[in-house]
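Single-letter residue listing:
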Amino acid sequence: MRFNEKELVSLSRQPSEMAAELGMRGPKKGDVVKKRLVKLVVNFLFYFRTDEEEPIGALLLEQCRVEKEDSQTFSIAFLDEAERKYLFECDSEEQCGEWIDSIIKASYEFMRKNLIFYRTEIHRLTGKDPLEQYGISDETRFQVSNGLQLMPRDTSSL
């Protein structure tokens, strides 16, 4: 996927759902843990050197797996490159859990599944499709597919 660098920098400056200095180790063999400012903005995880304002990288949090490695560490691996794993070290077990939960909820797939669930529940309770007024009740783009999805291992299910 291609991104415009200026747009990404602009997005990285938007208010974040979460931000903290975390230990981060990249996916390359021999990478060491470095202190990084990590910001979750929409479905991007930006990381910065602690003394700089522009991000040095960004992870698009789609089709990835978030796993709790130990009480204060979690990892992100992308389904198409499972061997490339980013590791994040938190200050506490509570902080680690908050990051995992927020990253899972940032996924488009998670939001789409919630839309489908609540749309179905409202239809079941009221007999009306809540999206009908927007003229999209017959569209299939909100239907559940068997595609790849974000999968938590040691957290509550999606």
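In this convention, every chain numbers its residues from 1, walking through the sequence in written order. Local features are withheld for residues below a pLDDT of 70 in this predicted model, meaning they are given only at 70 or higher, and side-chain atom pairs are given and counted only at 80 or more; totals for whole chains, interfaces and linings count all residues. Each side-chain value is derived from all of the structure's non-hydrogen atoms; neither hydrogens nor water enter the calculation.

1. A few points about the pairing of strand β2 (residues 34-41)
Alright, step 1. One ladder, built from seven bridges, connects strand β1 (residues 18-25) with β2; its direction is antiparallel. Considered in β2, the bridge of A19 is made with K39.
Alright, step 2. Pairing of β2 with strand β3 (residues 44-49) involves six bridges; the strand directions are antiparallel. Among the inter-strand pairings, L40 is bridged to a residue of β3, identified as L45.
Alright, step 3. Pairs of strands are assigned from DSSP output, requiring at least two bridges between the strands. Put simply, DSSP H or I for four residues or longer makes a helix, DSSP E for two residues or longer makes a strand, and each gets a number counted from the N terminus. Counted between consecutive antiparallel strands, the loop separating β2 from β3 contains two residues, among which V42 sits at a positive phi close to 55°.

2. Observations concerning the confidence of the model for the protein chain
Alright, step 1. Put simply, the protein chain has an average pLDDT of 85, and 85% of its residues get 70 or more.
Alright, step 2. Ignoring residues within four places in sequence, the model shows residues 144-158, a span with pLDDT below 50, making 33 contacts including any to other chains. Residue-level confidence of the predictor, termed pLDDT, takes values from 0 up to 100. Pairs of residues are marked as contacts when any of their non-hydrogen atoms sit within 4.5 Å.

3. A closer look at the packing of helix α2 (residues 93-106) against helix α3 (residues 108-126)
Alright, step 1. A fitted line through C-alpha atoms serves as each axis, taken over the contacting stretch for helices, and the angle formed by two N-to-C directions is quoted from 0 to 180°. Two elements in contact, α2 and α3, have axes separated by 5 Å at closest approach and are oriented at 70°. Regarding the angle of α2 to α3, the classification is roughly perpendicular. Here I104, K105 and A106 of α2 lie close against α3, whose contacting residues are Y108, F110 and M111.
Alright, step 2. Lys, Arg, Asp and Glu make up the charged group, whereas Ala, Val, Leu, Ile, Met, Phe, Trp, Tyr, Cys and Pro make up the nonpolar group; the residues left over, Gly among them, are polar. In the contact of α2 with α3, the residues fall into five nonpolar, no polar and one charged. Here the word oblique covers every angle except those under 35 degrees (roughly parallel), over 145 (roughly antiparallel) and from 65 to 115 (roughly perpendicular).

4. Quick word on the environment of V41
Alright, step 1. In this fold, V41 is placed in strand β2.
Alright, step 2. For V41, a relative accessible area of 2% gives the class buried.
Alright, step 3. Once the C-alpha coordinates of V41 and A106 are considered, the two residues, 65 residues apart in sequence, prove to be 8.4 Å apart.
Alright, step 4. In this structure V41 touches L11, S12, Q14, P15, S16, E17 and F46, once residues within four positions along its chain are discounted. Relative accessibility thresholds used throughout: buried, under 20% of the residue-type maximum; exposed, over 50%; partly exposed, between the two (1.4 Å probe, protein chains only).

5. Thoughts on the side chain of K39
Alright, step 1. Structurally, K39 is set in strand β2.
Alright, step 2. For the purpose of charge, His is not counted, nor are the chain termini; Lys and Arg are scored as positive and Asp and Glu as negative. Here, a salt bridge means any Lys or Arg side-chain nitrogen found within 4 Å of an Asp or Glu carboxyl oxygen. The side chain of K39 sits in the buried core without any salt bridge; E17 is the nearest counter-charge, 9.1 Å away.
Alright, step 3. Residues adjacent in sequence count toward polar contacts only when both atoms are side-chain atoms; beyond that, a polar contact is any pair of N or O atoms within 3.5 Å, and within protein one must be able to donate a hydrogen and the other to accept it. Within polar-contact distance, the side chain of K39 engages the backbone oxygen of S12 at 2.6 Å.
Alright, step 4. When neighbours within four sequence positions are excluded, K39 is seen to be in contact with S12, R13, Q14, S16, M18, A19, F44, L45, F46 and F48.

6. Some words on the packing of aromatic side chains
Alright, step 1. Only centres within 6.5 Å qualify two rings of Phe, Tyr or Trp (six-membered ring in Trp) as a pair; their planes then separate them into stacked at under 30 degrees, edge-to-face at over 60, and tilted for everything else. For the structure shown, the criterion picks out four aromatic pairs.
Alright, step 2. Relative to Y86, the ring of F78 has its centre 6.4 Å away and its plane inclined at 90°; by these criteria the two rings are edge-to-face. For the pair formed by F78 and Y86, the shared burial category is buried.
Alright, step 3. Ring centres 5.0 Å apart and planes at 75° place the aromatic pair F117 and Y118 in the edge-to-face group.

7. Quick word on the nonpolar core
Alright, step 1. Grouping buried Ala, Val, Leu, Ile, Met, Phe, Trp, Tyr and Cys residues that are joined through side-chain atoms within 4.5 Å yields what is termed a nonpolar core. L45, L59, L61, F74, I76, F88 and W99 are the most contacted members of the largest nonpolar core, which has 25 residues in total.
Alright, step 2. Every element with two or more residues in this core is listed here: β1, β2, β3, β5 (64-70), β6 (73-78), β7 (81-89) and α2.
Alright, step 3. For this core, the element with the most residues is α2, which contributes six residues.
Alright, step 4. Apart from residues no more than four positions distant in its own chain, F74 is found in contact with V66, E67, K68, E69, Y86, L87, F88, C90, C96, W99, I100 and I103.

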